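Observations on the model geometry
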Amino acid sequence: MIYIYNDYGGTHTTSLAAAYHLKKLPLYRKLTKEEIISVRYFNKLTKHDLGKLLFHGIDEEDNAVYTIGRRNNKYVVPAIKDLAALLQERTSMNEKIIISNTSPTVPFVMSVGGFLSRGLNINFLGEPLLVAGAKQCCVKINRLVEETKQAGHSMNAKVIVLENKKFH
(Lines give C-alpha, C1' and ligand atoms only; values in the text may rest on other atoms or scores of the structure.)
Protein backbone atom coordinates (compact mmCIF):
# COMPACT_ATOMS: atom_id res chain seq x y z
CA MET A 1 0.00 0.00 0.00
CA ILE A 2 0.89 3.63 -0.41
CA TYR A 3 -0.29 6.15 2.17
CA ILE A 4 -0.48 9.85 1.32
CA TYR A 5 -1.33 12.30 4.11
CA ASN A 6 -2.44 15.72 2.88
CA ASP A 7 -3.40 19.12 4.25
CA TYR A 8 -3.13 22.83 3.49
CA GLY A 9 0.62 23.35 3.92
CA GLY A 10 1.96 19.82 4.17
CA THR A 11 4.41 20.65 6.93
CA HIS A 12 2.62 20.35 10.29
CA THR A 13 -0.17 17.79 10.76
CA THR A 14 0.93 15.75 7.75
CA SER A 15 4.49 15.53 9.08
CA LEU A 16 3.19 14.46 12.48
CA ALA A 17 0.88 11.89 10.85
CA ALA A 18 3.75 10.42 8.83
CA ALA A 19 5.92 10.25 11.96
CA TYR A 20 3.15 8.49 13.90
CA HIS A 21 2.54 6.14 10.99
CA LEU A 22 6.22 5.21 10.90
CA LYS A 23 6.33 4.81 14.71
CA LYS A 24 8.83 7.63 15.14
CA LEU A 25 6.73 9.26 17.87
CA PRO A 26 5.47 7.87 21.18
CA LEU A 27 1.83 6.82 21.02
CA TYR A 28 -1.12 7.87 23.18
CA ARG A 29 0.35 10.80 25.06
CA LYS A 30 1.00 14.47 24.47
CA LEU A 31 4.28 15.19 22.75
CA THR A 32 7.07 17.35 24.11
CA LYS A 33 8.35 20.42 22.30
CA GLU A 34 11.57 18.58 21.47
CA GLU A 35 9.70 15.62 19.97
CA ILE A 36 7.55 17.93 17.84
CA ILE A 37 10.41 20.10 16.58
CA SER A 38 12.49 17.04 15.68
CA VAL A 39 9.83 15.59 13.33
CA ARG A 40 11.12 15.54 9.77
CA TYR A 41 9.68 18.44 7.71
CA PHE A 42 7.73 19.88 10.69
CA ASN A 43 7.63 23.64 10.02
CA LYS A 44 10.47 23.31 7.51
CA LEU A 45 8.65 23.41 4.17
CA THR A 46 8.03 26.51 2.06
CA LYS A 47 5.56 27.43 -0.68
CA HIS A 48 8.02 25.90 -3.16
CA ASP A 49 7.32 22.48 -1.63
CA LEU A 50 3.56 22.69 -2.19
CA GLY A 51 2.16 20.06 -4.52
CA LYS A 52 5.21 17.82 -4.13
CA LEU A 53 4.84 14.29 -2.83
CA LEU A 54 7.38 13.95 -0.03
CA PHE A 55 8.57 10.48 0.91
CA HIS A 56 8.82 9.85 4.66
CA GLY A 57 9.66 6.17 4.80
CA ILE A 58 8.50 2.56 4.74
CA ASP A 59 6.34 1.28 7.58
CA GLU A 60 6.57 -2.06 9.40
CA GLU A 61 4.30 -3.69 6.78
CA ASP A 62 6.44 -2.49 3.86
CA ASN A 63 4.04 0.33 2.91
CA ALA A 64 5.33 3.66 1.61
CA VAL A 65 4.31 6.84 3.46
CA TYR A 66 4.14 10.22 1.72
CA THR A 67 2.78 13.68 2.45
CA ILE A 68 1.66 16.57 0.26
CA GLY A 69 0.63 20.17 0.84
CA ARG A 70 -2.28 21.13 -1.39
CA ARG A 71 -3.29 24.62 -0.17
CA ASN A 72 -6.98 25.24 -0.90
CA ASN A 73 -6.68 23.52 -4.24
CA LYS A 74 -9.66 21.19 -4.46
CA TYR A 75 -8.19 19.52 -7.55
CA VAL A 76 -5.02 18.01 -6.05
CA VAL A 77 -6.61 15.01 -4.31
CA PRO A 78 -8.92 14.12 -7.24
CA ALA A 79 -5.92 14.38 -9.59
CA ILE A 80 -3.87 12.02 -7.40
CA LYS A 81 -6.85 9.65 -7.19
CA ASP A 82 -7.37 9.66 -10.97
CA LEU A 83 -3.66 9.22 -11.71
CA ALA A 84 -3.46 6.30 -9.28
CA ALA A 85 -6.51 4.64 -10.86
CA LEU A 86 -5.04 5.20 -14.33
CA LEU A 87 -1.71 3.65 -13.35
CA GLN A 88 -3.46 0.68 -11.77
CA GLU A 89 -5.57 0.19 -14.88
CA ARG A 90 -2.84 0.64 -17.51
CA THR A 91 0.17 -0.92 -15.77
CA SER A 92 0.87 -3.84 -13.51
CA MET A 93 0.78 -1.55 -10.48
CA ASN A 94 -1.42 -3.32 -8.00
CA GLU A 95 -0.88 -1.35 -4.80
CA LYS A 96 -3.77 0.13 -2.89
CA ILE A 97 -3.42 3.89 -2.37
CA ILE A 98 -4.89 5.63 0.67
CA ILE A 99 -5.13 9.43 0.58
CA SER A 100 -5.89 10.77 4.06
CA ASN A 101 -6.75 14.40 4.89
CA THR A 102 -5.22 15.62 8.17
CA SER A 103 -6.77 19.11 7.98
CA PRO A 104 -9.68 18.31 10.32
CA THR A 105 -7.21 17.84 13.19
CA VAL A 106 -5.74 21.36 12.92
CA PRO A 107 -6.60 23.56 15.91
CA PHE A 108 -6.94 27.33 15.49
CA VAL A 109 -3.68 28.05 17.34
CA MET A 110 -1.80 25.89 14.82
CA SER A 111 -3.37 27.76 11.88
CA VAL A 112 -2.23 31.08 13.38
CA GLY A 113 1.23 29.68 14.11
CA GLY A 114 1.55 28.33 10.58
CA PHE A 115 0.51 31.65 9.09
CA LEU A 116 3.03 33.57 11.20
CA SER A 117 5.85 31.07 10.71
CA ARG A 118 5.43 29.90 7.12
CA GLY A 119 3.28 32.69 5.68
CA LEU A 120 4.95 35.76 7.18
CA ASN A 121 8.32 34.22 8.02
CA ILE A 122 8.04 35.25 11.68
CA ASN A 123 9.23 31.96 13.12
CA PHE A 124 9.96 33.22 16.64
CA LEU A 125 6.25 34.01 17.06
CA GLY A 126 4.81 31.18 14.98
CA GLU A 127 6.81 28.25 16.30
CA PRO A 128 5.57 28.42 19.92
CA LEU A 129 1.99 28.50 18.63
CA LEU A 130 2.69 25.57 16.31
CA VAL A 131 4.13 23.56 19.19
CA ALA A 132 1.09 24.42 21.37
CA GLY A 133 -1.20 23.39 18.51
CA ALA A 134 0.69 20.16 17.92
CA LYS A 135 0.43 19.29 21.61
CA GLN A 136 -3.29 20.03 21.43
CA CYS A 137 -3.97 17.80 18.41
CA CYS A 138 -1.33 15.04 18.59
CA VAL A 139 -3.67 12.46 20.15
CA LYS A 140 -6.24 13.17 17.40
CA ILE A 141 -3.59 12.80 14.71
CA ASN A 142 -2.49 9.49 16.18
CA ARG A 143 -6.11 8.25 16.09
CA LEU A 144 -6.48 9.49 12.51
CA VAL A 145 -3.39 7.52 11.51
CA GLU A 146 -4.71 4.36 13.18
CA GLU A 147 -8.05 4.74 11.39
CA THR A 148 -6.25 5.42 8.10
CA LYS A 149 -4.27 2.20 8.46
CA GLN A 150 -7.44 0.33 9.39
CA ALA A 151 -9.23 1.68 6.31
CA GLY A 152 -6.32 0.53 4.17
CA HIS A 153 -6.76 -2.99 5.46
CA SER A 154 -10.54 -3.18 5.56
CA MET A 155 -11.71 -1.36 2.44
CA ASN A 156 -11.65 -3.07 -0.94
CA ALA A 157 -11.26 -0.10 -3.27
CA LYS A 158 -7.89 0.30 -4.98
CA VAL A 159 -7.82 4.04 -4.28
CA ILE A 160 -9.32 5.30 -1.02
CA VAL A 161 -9.83 8.96 -0.17
CA LEU A 162 -10.44 9.72 3.51
CA GLU A 163 -11.70 13.21 4.36
CA ASN A 164 -11.70 12.44 8.12
CA LYS A 165 -14.41 15.00 8.90
CA LYS A 166 -15.18 13.39 12.24
CA PHE A 167 -11.86 14.72 13.57
CA HIS A 168 -13.03 18.37 13.45
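Everything here concerns the structure above.
Every residue gets a number counted from 1 within its own chain, in the order that chain's sequence is written. Local features in a predicted model are, by the rule used here, given only for residues with pLDDT of at least 70; side-chain atom pairs are given and counted only at 80 or more, and totals for whole chains, interfaces and linings are based on all residues. In computing side-chain properties, one takes all heavy atoms of the structure into account and sets aside hydrogens as well as water.

1. Remarks on a nonpolar patch on the surface
Only residues whose relative accessible area exceeds 30% and that take part in no salt bridge are eligible for patches, with like-charged residues grouped when within 9 Å of each other and nonpolar side chains (Val, Leu, Ile, Met, Phe, Trp, Tyr) grouped when within 5 Å. All accessible-area figures derive from a Shrake-Rupley calculation using a 1.4 Å probe, and residue coverage is judged against the displayed protein chains alone. Take a side-chain nitrogen of Lys or Arg and a carboxyl oxygen of Asp or Glu: if they are within 4 Å of each other, that pair is a salt bridge. A contiguous nonpolar patch, built from Leu-83, Leu-86 and Leu-87 and spanning about 250 Å² of accessible area, is present on the exposed surface. Within the secondary structure, Leu-86 sits in helix α3 (residues 76–90). A helix here means a DSSP run of H or I that spans at least four residues, while a strand means a run of E at least two residues long, and both kinds are numbered starting from the N terminus.

2. What to know about the sheet that holds strand β1 (residues 2–7)
The pairing criterion is simple: DSSP has to find at least two bridges between the two strands. With mixed pairing, five strands are arranged side by side in an open sheet as β2-β3-β1-β4-β5. Edge positions in the sheet fall to β2 (54–58) and β5 (159–162), since each has one partner strand and no second. Sheet twist, expressed as the mean angle between neighbouring strand axes with direction ignored, is 20°. When β1 meets strand β3 (residues 64–69), the two strands line up parallel, connected through six bridges. In the sheet register, Tyr-3 faces β3, and the bridge partner there is Val-65. It only takes one pair of heavy atoms within 4.5 Å for two residues to be counted as in contact. Comment: axis = line fitted to C-alpha atoms, over the contacting stretch for helices; angle = value between 0 and 180 degrees taken between N-to-C directions. Helix-sheet contacts for α3 involve β1, β3, β4 (97–101) and β5, and the interaxial angle to β5 is about 165°. Its contacts with the sheet put helix α5 (residues 123–154) on β1, β4 and β5, and the angle it makes with β1 is roughly 140°.

3. A few points about the packing of helix α4 (residues 108–119) against α5
Running from amino to carboxyl end, α4 crosses α5 at an angle of 150°, the nearest separation of the two axes being 7 Å. Between α4 and α5, the interaxial angle falls into the category roughly antiparallel. The interaxial crossing formed by α4 with α5 has left-handed handedness. Across the interface between the two elements, Val-109, Met-110, Val-112, Gly-113, Gly-114, Leu-116, Ser-117 and Arg-118 of α4 pack against Asn-123, Leu-125, Gly-126, Glu-127, Leu-129, Leu-130, Ala-132, Gly-133, Ala-134, Gln-136 and Cys-137 of α5. Put simply, Ala, Val, Leu, Ile, Met, Phe, Trp, Tyr, Cys and Pro go in the nonpolar bin, Asp, Glu, Lys and Arg in the charged bin, and everything else, Gly too, in the polar bin. Of the residues contributing to the contact of α4 with α5, the split by class is ten nonpolar, seven polar and two charged. Under this scheme an angle from 65 to 115 degrees is roughly perpendicular, one under 35 degrees roughly parallel, and one over 145 degrees roughly antiparallel; angles in between are oblique. Left-handed describes a crossing in which the near helix is turned anticlockwise from the far one by less than a right angle; the clockwise case is right-handed.

Geometric descriptors of this kind do not, in isolation, establish any biological role.
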